[in-house]
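Summary of the model geometry
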Amino acid sequence: QQQVKQSPQSLIVQKGGISIINCAYENTAFDYFPWYQQFPGKGPALLIAIRPDVSEKKEGRFTISFNKSAKQFSLHIMDSQPGDSATYFCAASTYNFNKFYFGSGTKLNVKP
Amino acid sequence: DAGVIQSPRHEVTEMGQEVTLRCKPISGHNSLFWYRQTMMRGLELLIYFNNNVPIDDSGMPEDRFSAKMPNASFSTLKIQPSEPRDSAVYFCASSFGSGSDEQYFGPGTRLTVT
């Protein structure tokens, strides 16, 4: 059973638009929710992360929105740029346990 | 720091052969993870070590797969015998401490089994 469900599988956005990727989880013990960005031929790299004590975290053009009651979190990329074209993975874990449960990934293509 | 180092970057082998993938974690990190990435199954955790001890190997697909971490600076993932369905990109990642710390991924090894 997939612990973290991610959608959409792929996304095409025009330059300057907003990209939104959604994730949902079931395990209420999860308390750390990172997003990883992966470019072709590279390993995933941490983009931004949030803990459930806040409902939103913003770093530059990237924002995580977190809804604890709905057990959902999302990544918003404002003013999307062609350089943002990559695959994005959400993940979840518990503080006392190192294991990350990754979503299935979203391939983002930002058109110039 | 050079980051997580993996070798080889590409491996092409014939079915039935033994394959060994290598990983050097970031110095000072005490957790190490092996992942497999395919189009069909996404990013799967195979096994992870904490302080060189295997903690969770529930993701290892079958007995053909084995992993070792003889010291804090080196780990191997071995497939014996290899099969075409093992073709994938294998990532090694490391993190500092326990709990939800950032995992730093290596560049991956692209394995092709013919």
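Residues numbered from 1 in each chain as written. Chains lettered and ligands numbered in written order. Predicted model: local features only at pLDDT ≥ 70, side-chain atom pairs only at ≥ 80, totals over all residues. Heavy atoms only, no water.

On the chain B side, the residues contacting the 19 residues of chain A number 24 residues. Contact with chain B buries area across many residues of chain A, yet Asn98, Lys99 and Phe102 of chain A alone supply 36% of it, more than any other trio. At the boundary of chain A and chain B, one finds 1 salt bridge. For the salt bridge of Lys99 of chain A with Asp56 of chain B, the shortest nitrogen-to-oxygen distance reads 3.0 Å. Connecting chain A to chain B are 3 residue pairs in polar contact (both at pLDDT 80 or more). For the side of chain A that touches chain B, the elements supplying multiple residues, two or more each, are strand E4 (33–38), strand E9 (86–94) and strand E10 (97–102) of chain A. Element by element, the count of residues in the side of chain A that touches chain B is highest for E10 of chain A, at 5 residues. Looking at the side of chain A that touches chain B, its residues break down into 9 nonpolar, 7 polar and 3 charged. (Contact = heavy atoms within 4.5 Å. Buried area = accessible area lost by both parts, 1.4 Å probe. Salt bridge = Lys/Arg side-chain N within 4 Å of Asp/Glu carboxyl O. Polar contact = N/O pair within 3.5 Å; in protein donor to acceptor, adjacent residues only side chain to side chain. Helix = DSSP H or I, 4+ residues; strand = E, 2+ residues; numbered from the N terminus. Nonpolar A, V, L, I, M, F, W, Y, C, P; charged D, E, K, R; others polar.)

Within the element layout of this structure, Gln38 of chain A appears in strand E4. Taking the relative accessible area as the measure of exposure, Gln38 of chain A reaches 8% and is therefore buried. There is a polar contact of 2.9 Å between the side chain of Gln38 of chain A and the side chain of Gln37 of chain B. Those residues in contact with Gln38 of chain A that lie beyond four places of it in its chain are Gly43, Pro44, Ala86, Thr87 and Phe89 of chain A together with Gln37 and Phe91 of chain B. (Buried < 20%, exposed > 50% of the residue type's maximum accessible area, 1.4 Å probe, protein only.)

As a further point, take unusual backbone geometry. Across residues other than glycine, the phi torsion is negative in most instances, and most of the peptide bonds are trans. A cis amide bond, omega -5 degrees, links Ser7 of chain A with the succeeding residue Pro8 of chain A. Mapped onto the fold, Pro8 of chain A is located in the loop between strand E1 (4–7) and strand E2 (10–14). Notably, Asp79 of chain A is not glycine yet its phi reads approximately 45 degrees, a positive angle. Residue placement: Asp79 of chain A occurs in the loop between strand E8 (72–77) and E9. Looking at Asp79 of chain A, the relative accessible area reads 40%, which means it is partly exposed. Of note, Asn52 of chain B is a non-glycine position whose phi angle comes to about 75 degrees, a positive value. By secondary structure assignment, the location of Asn52 of chain B is in the loop between strand E5 (42–50) and strand E6 (53–56). Take Asn52 of chain B: its relative accessible area is 29%, and that puts it in the partly exposed class.

The next subject is the pairing of E6 of chain B. Residues and elements named next belong to chain B. Relative to E6, E5 is paired through 3 bridges, and the arrangement is antiparallel. Opposite Phe49, over in E6, you have Pro54 as the bridge partner. The turn linking E5 back onto E6 is made up of 2 residues, and Asn51 within it adopts a positive phi angle of 50 degrees. (Pairing = 2+ DSSP bridges.)

The values reported here are purely geometric and, on their own, carry no functional implication.
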